[in-house]
Amino acid sequence: MKNRWWKRLLSVAVICVCTSGLLAGCGPFGDVTAQPDDLETSSDEEEDLIVVGFSQIGSESVWRTANSASIQKAFSRENGFFLEFNNARQKQENQIKAIRGFISQRVDYIVFSPVTEDGWETVLQEAKDAGIPVILVDRKVVVEDESLYTTWIGSDAEGEGEKAGIWLEGYLEEAEREDESINIVVLQGTPEASVQLGRTIGFESVAANHPNWRILEQKSADFTNAKGEEVMDEFIKKYQDIDVVVSQNDDMTFGALKALEANGITTGVDGDVIVVSFDAVHEALELVQHGIINVDVECNPEQGDYIVDIIRKLENGEPVRKENIVEEQVFTPENVEQYLDTRTY
Ligand code: GZL
């Protein structure tokens, strides 16, 4: 285990600067938080803490909050880590500034979830030149030189989109509506986010097999509740006959349900409109249980332990896969009951 006393000292010094910034408001580049009691003098075991700089996209959704909780729980001092956590508030420039801050602090690892796919080459090259491994989590980047990051852990977004389409195929068949003209609107996540593109491509790949499925419009509601309500209201005013709402995360679904209800439109198992959602956070699964949401395709936010396992392997000089997909499932009113009490988010 590399002796990290000088990094620890520097990190504490930087924390002092950022914390003083925090005392006067947010840190220099988004919200910077460090582990509690970081100002204690370092002792032997502390000198061996693995210093991780984490740039989180923001706090736009229930899923993101669960993802952040998973990271902060996994990268604890008890587990041998010193975590510096930055919330970029949905801005790529804040993520880039945070990563540059981690480079100047010479952290041991940089871990981040890229808000969108493009625009990372320069800062990732800087991290590579500094000899700091970069681990991607949740969303992906598009770079020519894939050596700019060590590995990626996350969900198969395209597979999630396909699962939604396959579920809809089965549902319509069972309802003997497989030959009916089906009007679909799609609430998309953040433009150019890998997960939004993946879910879109995946669902479209299934829809392409059904000439009677008409995707009336796909529009970004940026993964938020408020925008979901706003865009759904627009769809309702624009299209007279919507049969299916595909919403690429539960927060947008919550907003869409408000707009539908405000217009007297019912949803779910016995409703006017079929609702297909993604993420499967607890609050949404309760709506699946009550038949308000027809199906929820899980996107597992609990990636902290996966990343810790990968860092342990890297610390021991063991090889790691370039891509690591987390386990996920699909929830419907028929199967959700058995999971509700045991899920942690
Ligand atoms: C999915 C993740 C998405 C979630 C949203 O991997 O990037 O971002 O589906 C979150 O809830 O905002």
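If you're wondering where the values come from, they're calculated on a predicted model, not measured in any experiment. (Residues numbered from 1 in each chain as written. Predicted model: local features only at pLDDT ≥ 70, side-chain atom pairs only at ≥ 80, totals over all residues. Heavy atoms only, no water.)

A. Examining the pairing of strand β2 (residues 50-56) more closely. Along β2, seven of the seven residues are buried, which leaves the element largely enclosed by surrounding structure. Burial along β2 is two-sided: the face carrying Ile-50, Val-52, Phe-54 and Gln-56 and the face carrying Val-51, Gly-53 and Ser-55 are both buried. Sheet topology places β2 next to strand β3 (residues 81-87); seven bridges connect them, and they run parallel. Opposite Gly-53, over in β3, you have Glu-84 as the bridge partner. After leaving β2, the chain enters helix α3 (residues 62-74) and then returns to the sheet as β3, a path that is right-handed. Here β2 runs beside strand β4 (residues 109-112); their pairing, made up of four bridges, is parallel. From the neighbouring strand, Phe-54 faces β4, where its bridge partner is Val-111. (Buried < 20%, exposed > 50% of the residue type's maximum accessible area, 1.4 Å probe, protein only. Helix = DSSP H or I, 4+ residues; strand = E, 2+ residues; numbered from the N terminus. Pairing = 2+ DSSP bridges. Right-handed = clockwise from strand over helix to strand, strands pointing away.)

B. Local environment of the sheet that holds strand β8 (residues 213-220). Reading across from one edge, β8-β7-β9-β10-β11-β13 is the order of the six strands in this open sheet, with mixed pairing throughout. With partners counted over all chains shown, the strands left at the sheet margins are β8 and β13 (330-331), one partner each. Where strand β9 (residues 244-247) lies against strand β10 (residues 274-279), four bridges are found, and the strand directions are parallel. Of the residues in β10, the one forming a bridge with Val-246 is Val-276. Contacts from helix α9 (residues 250-262) reach β7 (182-188), β9, β10 and β11 (295-298) within the one sheet, and its direction differs from that of β10 by about 150 degrees. (Contact = heavy atoms within 4.5 Å. Axes fitted to C-alpha atoms, helices over the stretch in contact; angles between N-to-C directions.)

C. Focus on the site of the ligand. Residues in contact with the ligand, as listed here, are Glu-60, Ser-61, Trp-63, Arg-64, Asp-138, Arg-139, Val-195, Arg-199, Phe-223, Asn-249, Asp-279 and Cys-299. Between the ligand and the protein, one listed contact pairs an oxygen atom with a side-chain N or O atom of Ser-61 at 3.0 Å. Between the ligand and the protein, one listed contact pairs an oxygen atom with a side-chain N or O atom of Arg-139 at 2.8 Å. Contact with the protein chains removes 99% of the 320 Å² of surface that the ligand exposes when unbound. With respect to the pocket detection grid, the ligand is positioned in the largest cavity. Those elements giving two or more residues to the shell around the ligand turn out to be α3 and α7 (194-207). Here the residues of the shell around the ligand are counted per class, giving four nonpolar, two polar and six charged. Two domains each put at least three residues into the shell around the ligand: domain 1 (5-153 + 302-325) and domain 2 (157-299). (Near = heavy atom within 4 Å. Polar contact = N/O pair within 3.5 Å; in protein donor to acceptor, adjacent residues only side chain to side chain. Areas by Shrake-Rupley, 256 points an atom, 1.4 Å probe, with all protein chains shown as cover. 1 Å grid on protein atoms, 1.4 Å probe; cavity = no way out; pocket = protein on both sides within 12 Å on 5 of 7 lines; lining within 4 Å. Sits in = over half its atoms within 2 Å of the grid points. Nonpolar A, V, L, I, M, F, W, Y, C, P; charged D, E, K, R; others polar. Domains from an automatic or database assignment.)

D. Representation of the pattern of salt bridges within the structure. Here the structure, examined in full by the defined rule, presents 17 salt bridges. For Arg-100, the salt bridge goes to Glu-126, with nearest N and O atoms at 2.7 Å. Of this pair, Arg-100 sits in helix α4 (residues 92-104) while Glu-126 is found in helix α5 (residues 121-129), placing the two residues 26 residues apart along the sequence. A salt bridge links Lys-258 to Glu-229, with the nearest nitrogen and oxygen atoms 3.8 Å apart. Taken together, the positions of Lys-258 in helix α9 and Glu-229 in helix α8 (residues 225-238) put the pair 29 residues apart, joining distant regions of the chain. A relative accessible area of 31% means that Glu-229 is categorised as partly exposed. (Salt bridge = Lys/Arg side-chain N within 4 Å of Asp/Glu carboxyl O.)

E. Structural context of the confidence of the model for the protein chain. In this model, the protein chain carries an average pLDDT of 91, and 87% of its residues clear a pLDDT of 70 or more. Ignoring residues within four places in sequence, the model shows residues 14-29, a span with pLDDT below 50, making 21 contacts including any to other chains. Here residues 36-41 is a poorly scored stretch, pLDDT under 50, and it has 11 contacts once near neighbours within four places are set aside; other chains count. (pLDDT = per-residue confidence, 0-100.)

F. Broad picture of the packing of α9 against helix α10 (residues 282-289). In contact at an axis separation of 9 Å, α9 and α10 are set at 50 degrees when each is read in the N-to-C sense. Taken together, the axes of α9 and α10 are oblique relative to one another. The handedness of the crossing between α9 and α10 is left-handed. Residues Asp-250, Phe-254 and Leu-257 of α9 touch α10, and the partners they reach there are Glu-283, Ala-284 and Leu-287. For the contact of α9 with α10, the residue count by class is four nonpolar, no polar and two charged. (Parallel < 35°, antiparallel > 145°, perpendicular 65-115°, else oblique. Left-handed = near helix turned anticlockwise from the far one by under 90°.)

G. Expanded view of the nonpolar core. Among the nonpolar cores identified, the biggest contains 26 residues, and Ile-110, Phe-112, Trp-120, Leu-124, Val-134 and Val-141 are the most heavily contacted of them. Only α4, β4, α5 and β5 (134-137) provide two or more residues apiece to this core. Ranked by residue count, the leading element in this core is α4, at five residues. The residues contacting Leu-124, other than those within four sequence positions of it, are Phe-112, Val-134, Val-141, Val-143 and Leu-148. (Core = buried A, V, L, I, M, F, W, Y, C linked by side-chain atoms within 4.5 Å.)

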